[in-house]
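Observations on chain architecture
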Amino acid sequence: CECGAGHPDWRVPFRRALDELAVELDGVYYDVGRKIFKNPEEALVKYASVISGRTSFDQFYEENKLSTPRIKSPKDKAYKLLETMRFKIYMYTSCGWFWDS
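Here the structure is a predicted model, which is why all the values come from computation and not from measurement.

As for its placement among the helices and strands, Val45 is situated in helix α2 (residues 40-46). Separated by 37 residues in the primary sequence, Val45 and Leu82 place their C-alpha atoms 9.9 Å from one another.

Below you can see the structure in the form of C-alpha cells.
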C-alpha cells in the first residue's frame, strides 16, 4: 500500500467524501430536527451540556422539543439525530488522518 506518511494522495478524495457526507447529514438533521425541536440550531449547541454530563438527555429533550413534535417517536429520533451530528464532528478529528494501515 502506498497510503503511508510518504504518500498522502488518499487524503484529498477521502476529505471530499467526508465533506459530502457532512452535507447530507446536515440536511437530514435540519429536515427532521424542525419536526422535533423548537430551534434545531440551538438544540445542537445545547446538546453539549448532555455530552458533558451537566444535563440529562431527558431534561434537555423536555426543554428543547416542540410542544407537539410532528414526527413519530420524536425522543428516540432526537437522540439519534444529535448523536449523528456528534459523530459527524468526530470524523474530522486529526487522529483519523494519520494512520499507516
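On we go.
Moving on: the side chain of Lys88. Mapping Lys88 onto the fold places it in helix α5 (residues 74-90). On the basis of relative accessibility, which here comes to 14%, the residue Lys88 falls in the buried class.

Here the focus is the packing of aromatic side chains. Counted by the stated rule, this structure contains 9 aromatic pairs. Measuring from centroid to centroid gives 6.4 Å for Tyr47 and Phe57, while their planes differ by 85°, and the two rings are edge-to-face. Pair noted here: Tyr47 is in the loop between α2 and α3 (48-51) and Phe57 is in helix α4 (residues 57-64), with a separation of 10 residues, a long-range link. Each member of the pair, Tyr47 together with Phe57, is buried. Ring geometry for Phe57 and Phe60: centres 5.9 Å apart, planes at 40°, overall tilted. Here Phe60 and Phe57 lie together in helix α4, a separation of 3 residues that amounts to about one turn.

Here helix α1 (residues 11-33) contains 23 residues, and its C-alpha end-to-end distance of 31 Å stays within 8% of the 33 Å for a straight helix at 1.5 Å per residue. On its buried side, α1 packs onto α2 and α5.

With that settled, the discussion passes to the pattern of salt bridges. Under the definition given, this model contains 8 salt bridges. Across the pair Asp26 and Lys88 runs a salt bridge whose closest N-O atoms are separated by 2.6 Å. Placement of the pair is Asp26 in helix α1 and Lys88 in helix α5, with a sequence separation of 62 residues. Asp76 is the salt-bridge partner of Lys80, the closest N and O atoms lying 3.1 Å from each other. You can see Lys80 and its partner Asp76 sitting in helix α5, 4 residues apart, about one turn around the helix.

Among all positions in α4, only Phe57, Phe60, Tyr61 and Asn64 are buried. Seen from one end, α4 has its buried residues packed into an arc of 95°, which puts them on one side.

So, about a nonpolar patch on the surface. Taken together, the side chains of Ile51, Phe87, Ile89 and Tyr90 present a nonpolar region at the surface, about 400 Å² in accessible area. Top element by residues in the nonpolar patch is α5. It accounts for 3 residues. With respect to the helices and strands, the residue Phe87 is situated in helix α5. In this structure Phe87 comes out as partly exposed when scored by relative accessible area, which is 48%.

The rules behind these values
Residues numbered from 1 in each chain as written. Predicted model: local features only at pLDDT ≥ 70, side-chain atom pairs only at ≥ 80, totals over all residues. Heavy atoms only, no water. Helix = DSSP H or I, 4+ residues; strand = E, 2+ residues; numbered from the N terminus. Buried < 20%, exposed > 50% of the residue type's maximum accessible area, 1.4 Å probe, protein only. Phe/Tyr/Trp six-rings, centres within 6.5 Å; stacked < 30°, edge-to-face > 60°. Expected span 1.5 Å × (residues − 1). Contact = heavy atoms within 4.5 Å. Salt bridge = Lys/Arg side-chain N within 4 Å of Asp/Glu carboxyl O. Arc of directions from axis to C-beta. Patch = residues over 30% accessible without salt bridge, like charges linked within 9 Å, V, L, I, M, F, W, Y side chains within 5 Å. Areas by Shrake-Rupley, 256 points an atom, 1.4 Å probe, with all protein chains shown as cover.

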